[in-house]
Amino acid sequence: MSSVSSGNGLLHLEDMEAGPSKDNDDLNNHLDPDADPSDPFDIAHTKNAPPETLQRWRQAALVLNASRRFRYTLDLRKEEEKEQRKRMIRAHAQVIRAALLFKLAGEKQIVPGTPVALPVTGGDYAIGLEQLASMTRDHKLSALRQYGGVKGLSGLLRTNLEIGINGDEADLLKRRDAFGSNTYPRKKGRSFWRFLWEAWQDLTLIILIIAAAVSLALGIKTEGLNEGWYDGGSIFFAVFLVIVVTATSDYRQSLQFQNLNEEKRNIQLEVMRGGRTVKISIFDVVVGDVVPLKIGDQVPADGILITGHSLAIDESSMTGESKIVHKDQKEPFLMSGCKVADGVGTMLVTGVGINTEWGLLMASISEDTGEETPLQVRLNGVATFIGIVGLAVAVSVLAVLLARYFTGHTEDPNGDPEFIKGQTKFDDAFNDVVKIFTIAVTIVVVAVPEGLPLAVTLTLAYSMRKMMADKALVRRLSACETMGSATTICSDKTGTLTVNEMTVVEAFIGKRKINPPADSSQLHPSVVSLLSEGVAQNSTGNVFVPKDGGDVEISGSPTEKAILSWAVKLGMKYDVIRSESTVLHVFPFNSEKKRGGVALQRSDSQVHIHWKGAAELVLASCSRYLDSNGCVQSIKEEKDYFKAAIDEMAASSLRCVALAYRLCEKEEIPTNEESLNGWVLPEDNLVLLAVVGIKDPCRPGVKDAVKICMDAGVKVRMVTGDNIQTAKAIALECGILSSAEDCTEPTIIEGRVFRALSEKEREQVAKKILVMGRSSPNDKLLLVQALRKGGDVVAVTGDGTNDAPALHEADIGLSMGIQGTEVAKESSDIIILDDNFASVVKVVRWGRSVYANIQKFIQFQLTVNVAALAINVVAAVSSGDVPLNSVQLLWVNLIMDTLGALALATEPPTDDLMHKTPVGRREPLITNIMWRNLLIQALYQVTVLLALNFAGLTILHLKDDGNREHAFEVKNTLIFNAFVMCQIFNEFNARKPEKINCFKGVTKNYLFMGIVGFTFILQIIIIEFLGKFTSTVRLGWDLWLVSLGIGVVSWPLAMVGKLISVPKTPFAAYLTRPFQRCRRSQNA
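The structure presented is a predicted model; accordingly, all values stated were derived computationally and were not measured. (Residues numbered from 1 in each chain as written. Predicted model: local features only at pLDDT ≥ 70, side-chain atom pairs only at ≥ 80, totals over all residues. Heavy atoms only, no water.)

Draft legend 1. Local environment of the overall build of the chain. Within the chain, the regular secondary structure consists of 39 helices and 26 strands. Counting across all 1084 residues of the chain, residues that qualify as buried make up 55%. Residue pairs in contact within the chain that sit at least 24 positions apart in sequence constitute 73% of those at least 6 positions apart. Of the accessible surface of the chain, which amounts to about 45,600 Å², a share of 57% is contributed by carbon and sulfur atoms. (Helix = DSSP H or I, 4+ residues; strand = E, 2+ residues; numbered from the N terminus. Buried < 20%, exposed > 50% of the residue type's maximum accessible area, 1.4 Å probe, protein only. Contact = heavy atoms within 4.5 Å. Areas by Shrake-Rupley, 256 points an atom, 1.4 Å probe, with all protein chains shown as cover.)

Written as structure tokens, this is what we have:
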């Protein structure tokens, strides 16, 4: 089978399954000259990253709970299993095909009429499910012939090949009952209990549970059941609370991802039912459906080819071979899940769902293998660094506390040593050591920010759900955050910047401008007849005239619909014209050549070849034109007139399309089917029939959206296949070009000019380009590559199959949900569901919001980390006791980790985000502003709370308290309460790291207010009612006011702190310079 085709479609796409090409790796290396090869967390591009790179950072990360930390990253083991499963099913398909080759010689001997397996009745149908599935699955051509070919088979399935099935509910129900539905069993998502199990896997939590069990046993043994269970029981309860809250949060995220996966699988396609072209979900396709196929479509089910022209199928998704297979009557079997690489055709559905190889494949593999994002990898690096510091601190605290304890320097509240050698009972000493060990382990729990990388997943899950409402479906998690770094957007014109509702508003036939354009009274009947023939036959659209006399229904692409509507108004009888001639060969519209053609034989045996495409390109192939009176004239003297007419229409932002035809001698037409399939339609000496101007107005609000992008430092470039004058007019209307003075090369350039430049010249010119007209998909790819090499983070929109390489190459590929082909969607990272440029701008906003929210959470979490560690370390070293015990630290960890992430990582985007420049890929996660904010807050908290720790009895006038142990409990309770209040109030500060007013919009964020309220109420319950568990005592209203006062001070302190200017050079740069110098000297 040949893998050559007519030059469009998927034929120049690299094998996506083979992974990224070497060229792509080289480009990524070129883009990252600053990348540090020794840093496993320095990965700027996770899109198409090799498995070795992904494995390296996993091994380098300090992880307490691997199953939770790596849940939403690519499961490398499962990915390999998935590939093995695919290979196994593909092998099954290959075995069937190999067996067929052996049988082929015998099958050729079969004489028509020789009985094969007789059709077994399938209820209401004259053929059964097993016979149908077996014939399609095993590609039994002899069985198909025995059933009378596709025409005979359609009779058995009660399908009309011209108008499709009836399609009413009763008919669809019968077909589903007889042959199954186009769905497959899916693996169930993880249950809540699975998430509970995974949350429990945390190493530190397991150690705490063991310590709690030991403490419980010792407590009950020494103090009895009534009093002795509190210490161990309280740790058990705290750990249980952490596990439940963590599991609940993770489970909710999982449900959001499941819903998004459902949206991704729900492909919309067109089928023919009752003569109408209707759009349905891929899950609603039934056996007997007639499905039109065009370039870029996914074959929705197994089927048989009815008619096809240059139809080429990419079967790599099923066979594993990146070979294009041509389909015709000799090889009519189509496999579900494959892509249309070239040509057009229609198919009869013969197998759906689990009765297809694709269904078996989908049912047997899990699609949700996860994916890491660059921010997630960087945060794992941050979490690892903080974790190592925390681990060192915990070990130090453990050593100091044990040394002080066993040397008799640790005193109880009454001032007596807790351990006296030879006097302290073993059980008491062991219990005290367990408590010290528990504190050290809890410091590790607080110090290792296990939830930090997961906060990315949380904010992405939230953002993805909200982006659905903003008409954007995220296919790759990393794209959501990379969009925040985008510096340029290369946008299509049609349907993205314009509304994609086209109408013919001008028409030139001969040298006559027809006004109004659909007035057939100004034309000779022979002109109308030729125009109608060309429009009706050279079209992938359809015209349905209801028998009850209702409105004519026209389907197809917007351009096709506009031209069909115009021809109907001229008097075209669509069904009559199509029945009067036979299509011999079709050259589908080609985005490289920007034209499409059809050869047809009329009832008088004449052969006409009709062409339709870009006006100036079709005009260049014309030697004559047909005037409005039906006379053929030489075009030699009039070419300038037609060029001027095209330019005039293009300058009015009209899309110009020309229709032309020529006669063809019968001798020129190939006689056998194979030669006919490879026939190149003649495209010279054409007779120009008409030039039409199609109006496609700019989308409302697109000018504002472009301005928002420009203000945000994101350059918008238009890349279109349309005439350069049309592109220029729309660009001026949209605000991409500010004035007519900008309309000079290379600001506005044709694709062929850009293509002809050298690679170095393209890099230099690409930066200046704002509009590229008459561009091919390859020109778009070259532009994306040139911009990326120049250091830009490129987002590109595309809808056609040939846009797939550019979408794949770009940092963020954005496909169109309405006009986009399935191939384009699969190559993209985000699908814009309404094809609107304003939705692209919303994606940029959300991308920036993801990054900003993560930074807010980092600032908040590091403040808690620094303060909690500093307080416990200083107190442990100086007094041998810590003011914050295990249960209290676990509660602080819950506030900081899960609840803090929920509150801050789900902040909605604000307009301020679009007043900043894009975030650079290598900008530090922790900015100087964040360092300033967190250090001010941490220093304040540490100072105040250590002052309370060391001088609290004096400050609170508790020295005279007769019960010294109670006085210590009051002091430590106040420290704990004040510390929690500081975190609650600091959560507000973290919302706006740069703005003095941190309360703006807070009342609109119900989740934030709910979490803060929940935390505050729970803190009151802990202090007032759960003292036995948390080793706290009830506080009077005066000490509650003191706690609140300490917390409230963080607000004015943050406001004053934000007035302190910070240097532009990141703090991290000062710290890393010595290491870089050292490394350079070693390399030298």
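This is not the end of the story, as more comes after the structure.
Draft legend 2. Fine view of the sheet that holds strand β25 (residues 812-816). Taken together, the eight strands give an open sheet; going across it, the order is β8-β26-β25-β24-β9-β21-β23-β22, and neighbouring strands pair in mixed fashion. Whereas interior strands pair on both sides, the edge strands pair on one side only; in this sheet they are β8 (472-474) and β22 (748-750). For this sheet, the mean inter-axis angle between neighbouring strands, taken without regard to orientation, is 20 degrees. Sheet topology note: the strand β21 (residues 715-719)/strand β23 (residues 771-773) ladder contains two bridges and is parallel. Residue valine 719 lies in a different strand from β23, and its bridge partner there is methionine 772. (Pairing = 2+ DSSP bridges. Axes fitted to C-alpha atoms, helices over the stretch in contact; angles between N-to-C directions.)

Draft legend 3. Quick peek at the side chain of arginine 717. Note on placement: arginine 717 falls in strand β21. There is no salt bridge for the buried arginine 717, and the closest opposite charge comes from aspartate 792, which lies 4.2 Å off by N-O distance. Only 3.0 Å separates the side chain of arginine 717 from the backbone oxygen of alanine 766, close enough to count as a polar contact. Looking at arginine 717, its side chain comes within polar contact range of the main-chain oxygen of isoleucine 769, at 2.7 Å. Ignoring anything within four residues of it in the chain, the contact list for arginine 717 reads Thr488, Ile489, Cys490, Ser491, Ala766, Lys767, Lys768, Ile769, Leu770, Leu787 and Asp792. (Lys, Arg positive; Asp, Glu negative; His and termini not counted. Salt bridge = Lys/Arg side-chain N within 4 Å of Asp/Glu carboxyl O. Polar contact = N/O pair within 3.5 Å; in protein donor to acceptor, adjacent residues only side chain to side chain.)

Draft legend 4. The environment of alanine 868, seen in detail. Within the secondary structure, alanine 868 sits in helix α31 (residues 837-879). For the pair formed by alanine 868 and valine 942, sequence separation is 74 residues and the distance between their alpha carbons is 8.0 Å. Setting aside its immediate chain neighbours within four residues, alanine 868 contacts Val446, Leu889 and Phe979.

Draft legend 5. Geometry of the nonpolar core. In terms of nonpolar packing, the biggest core is built from 157 residues, with Ile736, Val771, Ile812, Ile830, Phe837, Ile858 and Phe979 touching the most fellow members. When residues are assigned to domains, this core turns out to be shared by domain 2 (374-463 + 849-909 + 923-1074) and domain 3 (472-499 + 699-835), each giving three or more. Ignoring any residue separated from it by four or fewer positions in sequence, one finds valine 771 in contact with Met718, Ala727, Ala731, Ile736, Leu737, Thr747, Ile748 and Ile749. (Core = buried A, V, L, I, M, F, W, Y, C linked by side-chain atoms within 4.5 Å. Domains from an automatic or database assignment.)

Draft legend 6. Molecular detail of the packing of helix α14 (residues 374-406) against α31. Running from N to C, α14 and α31 point in directions that differ by 10 degrees, and their axes come no closer than 9 Å. Comparing their axes, α31 and α14 come out roughly parallel. In this structure, α14 contributes Leu375, Arg378, Leu379, Ile386, Gly390, Val393, Val397, Val400, Leu401 and Arg404 to the contact, and α31 contributes Tyr851, Ile854, Ile858, Leu862, Asn865, Leu869, Val873, Ala876, Val877, Ser878 and Ser879. Residues that form the contact of α14 with α31 fall into these classes: 15 nonpolar, four polar and two charged. (Parallel < 35°, antiparallel > 145°, perpendicular 65-115°, else oblique. Nonpolar A, V, L, I, M, F, W, Y, C, P; charged D, E, K, R; others polar.)

Draft legend 7. Summary view of the UniProt feature "transmembrane region" (unreviewed entry) in the chain. Sites flagged by UniProt as "transmembrane region" (unreviewed entry) map to residues 195-220, 232-251, 382-406, 436-462, 857-877, 938-958, 1006-1027 and 1039-1060. A helix fraction of 100% and a strand fraction of 0% characterise residues 232-251, whose end C-alpha atoms lie 28 Å from each other. Helix makes up 100% of residues 857-877 and strand 0%, with an end-to-end C-alpha separation of 30 Å. (UniProt positions renumbered as here; feature names shortened; annotations may be inferred.)

Draft legend 8. Fine view of the packing of helix α15 (residues 426-447) against α31. It is the contact of α15 with α31, at a shortest axis distance of 10 Å, that shows an interaxial angle of 160 degrees. It follows from the interaxial angle that α15 and α31 lie roughly antiparallel. Seen from above, α15 lies across α31 with left-handed handedness. Residues Ile443, Val446 and Ala447 of α15 form the contact with α31, whose own contacting residues are Asn865, Ala868, Leu869 and Asn872. For the contact of α15 with α31, a count of residues per class yields five nonpolar, two polar and no charged. (Left-handed = near helix turned anticlockwise from the far one by under 90°.)

Draft legend 9. Broad picture of the pairing of strand β4 (residues 302-314). Counting buried residues in β4 gives eleven out of 13 residues, a clear majority hidden from the surface. Across ten bridges, β4 lies against strand β7 (residues 339-351) in antiparallel orientation. Of the residues in β7, the one forming a bridge with isoleucine 313 is valine 340. In this structure, β4 lies alongside strand β6 (residues 333-334), joined through two bridges in antiparallel fashion. Counted as the bridge partner of isoleucine 304 is phenylalanine 333 from β6. The pairing of β4 with strand β5 (residues 324-326) spans three bridges and is antiparallel. Pairing of isoleucine 313 across the sheet is with valine 325, part of β5.

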